[in-house]
Amino acid sequence: MSDHEVAPVLRIKGRVLVGPDEVKDGLWAVDGRITYERPPGADDAVTLTGWVLPGLVDAHCHVGLGHQGPVDAATSEKQALTDREAGTLLIRDAGSPSDTRWVDEREDLPKIIRAGRHIARTRRYIRNFAHEIEPGDLVAYVAQEARRGDGWVKLVGDWIDRDAGDLTACWPRGEVEAAIAEAHRLGARVTAHCFAEDALRDLVEAGIDCIEHATGLTEDTIPLFAERGVAIVPTLVNIATFPALAAGGESRFPRWSAHMRQLHEDRYDTVRAAYDAGIPVFTGTDAGGSLAHGLIAEEVAELVKAGIPALDALSATAWGARRWLGRPVLEEGAPADLVMYDEDPRADVRVLASPRTVVLNGRVMG
């Protein structure tokens with residue numbers, strides 16, 4: 001079927017998980033949209049059965065990014081298709097140097113919410129990934145990426161400082177405050193990569209909306225996040241790589257290596273403490289760069305392993321994540337973006353690793 005052909009009428013039979021505690025018996029997809037009313041043409045509908053979730057969300061994913069920087073369109077397409085096959089139908093692209101606007105024209109690829117290109121301090125991030133600038137240019141670059149993105153901007157809040165031999169904050173408080181204020185003026189939210197402790201208080205007090213990874217949360221900063229409603233995207237499948245990274249840098253940066261190992265050791269306790277304090281937690285895999293795409297089921301399982309109740313871990317990639325990003329769930333008139341499973345994923349989130357059927361824009365994906 002070409003992108004311009006009309007999608008068939010679908011009859012979805014089974015248990016439709018409209019929300020964590022709201023279940024309906026079936027729905028229809030007509031012209032790519034959801035309805036709960038029997039439509040004309042129902043007798044000729046294609047029938048599908050199973051447990052139904054809204055298309056999953058990967059809120060930290062990099063389509064168009066490889067381990068050496070930007071990748072070509074064919075590689076970007078393969079990344080997006082891998083995510084789609086895993087049930088990820090909505091991506092918040094948390095920084096990419098590639099222009100992926102062409103994806104928006106494809107009915108068969110996940111929908112992407114872009115944060116523009118990473119904004120990092122000079123020589124303080126992975127080569128070829130980010131705009132590398134000095135603090136005096138931060139406001140201008142944030143404004144530029146706010147206009148280029150889809151309502152988000154991505155900062156690199158901390159990274160290894162070779163002189164210090166450890167992770168340190170990248171930006172002075174005053175410049176961060178001005179930059180976040182400018183993003184908000186332009187209608188964009190701001191998130192930041194942060195592994196360590198030092199940058200968090202300044203970023204949150206400056207008005208940031210989200211922190212990626214957030215391994216440096218402490219007893220002092222967790223209440224601040226909770227009070228301000230700042231979300232975190234822990235990317236635990238990425239944090240699992242910290243021991244290998246630490247081993248690779250041991251000889252040159254022993255202090256940094258020890259710090260990374262400690263952050264890794266504490267990761268589950270940190271995420272559970274954040275959840276217990278009421279901090280919003282959402283799923284992200286950090287796919288792209290060095291991590292494979294299609295790992296969303298593993299990330300949800302990691303949240304459960306950290307001690308987050310299964311239903312809330314599921315919401316972190318489904319209903320809650322979509323609402324946080326301002327996108328619909330399985331409501332009347334919404335795009336028919338859904339994933340079907342053989343069993344109830346609320347009972348065991350490991351079900352997410354085996355989607356039975358993926359429906360995007362009302363079409364059954366191969």
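The structure displayed is predicted, hence computed values, not measured ones.

S.K.: Just give me the short version of the state of the cysteines, but keep the residues and values in it.
M.R.: Put plainly, a disulfide is one covalent bond tying together the sulfur atoms of two cysteines. Tallying each qualifying case throughout the model produces zero disulfides. Of all cysteine sulfurs in the structure, the one in cysteine 210 sits closest to cysteine 61, which takes part in no disulfide; the separation is 15 Å. Here cysteine 61 falls in the buried class, since its relative accessible area comes to 0%. Left without a disulfide partner, cysteine 170 is nearest to the cysteine sulfur of cysteine 194, which lies 8.2 Å away.

S.K.: Any chance you could break down the layout of surface pockets for me, citing the residues and the numbers?
M.R.: Approximately 840 Å³ is the volume attributed to the largest pocket. What lines the largest pocket is a set of 34 residues, among which Tyr125, Ile126, Trp159, Phe195 and Leu245 lie closest to the centre. Counting only elements with at least two residues in the lining of the largest pocket, the list comes to strand E5 (56-66), strand E12 (158-161), helix H7 (242-249), helix H8 (254-265) and strand E17 (287-289). The element contributing the most residues to the lining of the largest pocket is H7, with four residues. Split by residue class, the lining of the largest pocket holds 14 nonpolar, 13 polar and seven charged. Quantified by volume, the second largest pocket comes out at close to 250 Å³. Forming the boundary of the second largest pocket are 15 residues, of which Ser96, Ser98, Asp99, Gly116 and Arg148 lie nearest the centre. Residue composition of the lining of the second largest pocket, by class: two nonpolar, six polar and seven charged.

S.K.: Account for the side chain of histidine 131, with residues named and values stated.
M.R.: Assignment of secondary structure puts histidine 131 in strand E10 (residues 131-133). Owing to a relative accessible area of 14%, histidine 131 belongs among the buried residues under this scheme. One polar contact links histidine 131 to glutamate 145, side chain to side chain, over a distance of 3.2 Å. For histidine 131, the residues in contact, after removing those within four places along its chain, are Arg117, His118, Ile119, Ala120, Tyr141, Gln144, Glu145 and Arg148.

S.K.: Account for a positive patch on the surface, with residues named and values stated.
M.R.: On the surface, a cluster of positive charge is made up of Arg123, Arg127, Arg162 and Arg252. For arginine 123, the position within the fold is in the loop between strand E9 (119-121) and E10. Exposure remark for arginine 123: the relative accessible area of 61% places this residue in the exposed category.

S.K.: I'd like to hear about the sheet that holds strand E18 (residues 338-341), residue by residue, with values.
M.R.: The mixed open sheet is built from seven strands, whose spatial order is E3-E2-E1-E4-E18-E19-E20. One side of each edge strand has no neighbouring strand; the edge strands of this open sheet are strand E3 (33-35) and strand E20 (363-364). Summarising the sheet, E18 and strand E19 (residues 357-360) pair through three bridges and their orientation is antiparallel. Bridging across to E19, methionine 340 finds its partner in threonine 357.

S.K.: Got a sec to walk through the pairing of strand E1 (residues 10-19)? Specific residues and values, please.
M.R.: Pairing of E1 with strand E4 (residues 46-54) involves seven bridges; the strand directions are parallel. Paired with isoleucine 12 across the strands is leucine 48, a residue of E4. Two successive antiparallel strands, E1 and strand E2 (residues 22-30), enclose a turn made up of two residues.

Parameters at a glance
Residues numbered from 1 in each chain as written. Predicted model: local features only at pLDDT ≥ 70, side-chain atom pairs only at ≥ 80, totals over all residues. Heavy atoms only, no water. Disulfide = S-S within 2.5 Å. Buried < 20%, exposed > 50% of the residue type's maximum accessible area, 1.4 Å probe, protein only. 1 Å grid on protein atoms, 1.4 Å probe; cavity = no way out; pocket = protein on both sides within 12 Å on 5 of 7 lines; lining within 4 Å. Points joined across faces, edges and corners; volume = space filled by probe spheres on them. Helix = DSSP H or I, 4+ residues; strand = E, 2+ residues; numbered from the N terminus. Nonpolar A, V, L, I, M, F, W, Y, C, P; charged D, E, K, R; others polar. Polar contact = N/O pair within 3.5 Å; in protein donor to acceptor, adjacent residues only side chain to side chain. Contact = heavy atoms within 4.5 Å. Patch = residues over 30% accessible without salt bridge, like charges linked within 9 Å, V, L, I, M, F, W, Y side chains within 5 Å. Areas by Shrake-Rupley, 256 points an atom, 1.4 Å probe, with all protein chains shown as cover. Salt bridge = Lys/Arg side-chain N within 4 Å of Asp/Glu carboxyl O. Lys, Arg positive; Asp, Glu negative; His and termini not counted. Charge placed at Lys NZ, Arg CZ, Asp CG, Glu CD. Pairing = 2+ DSSP bridges.

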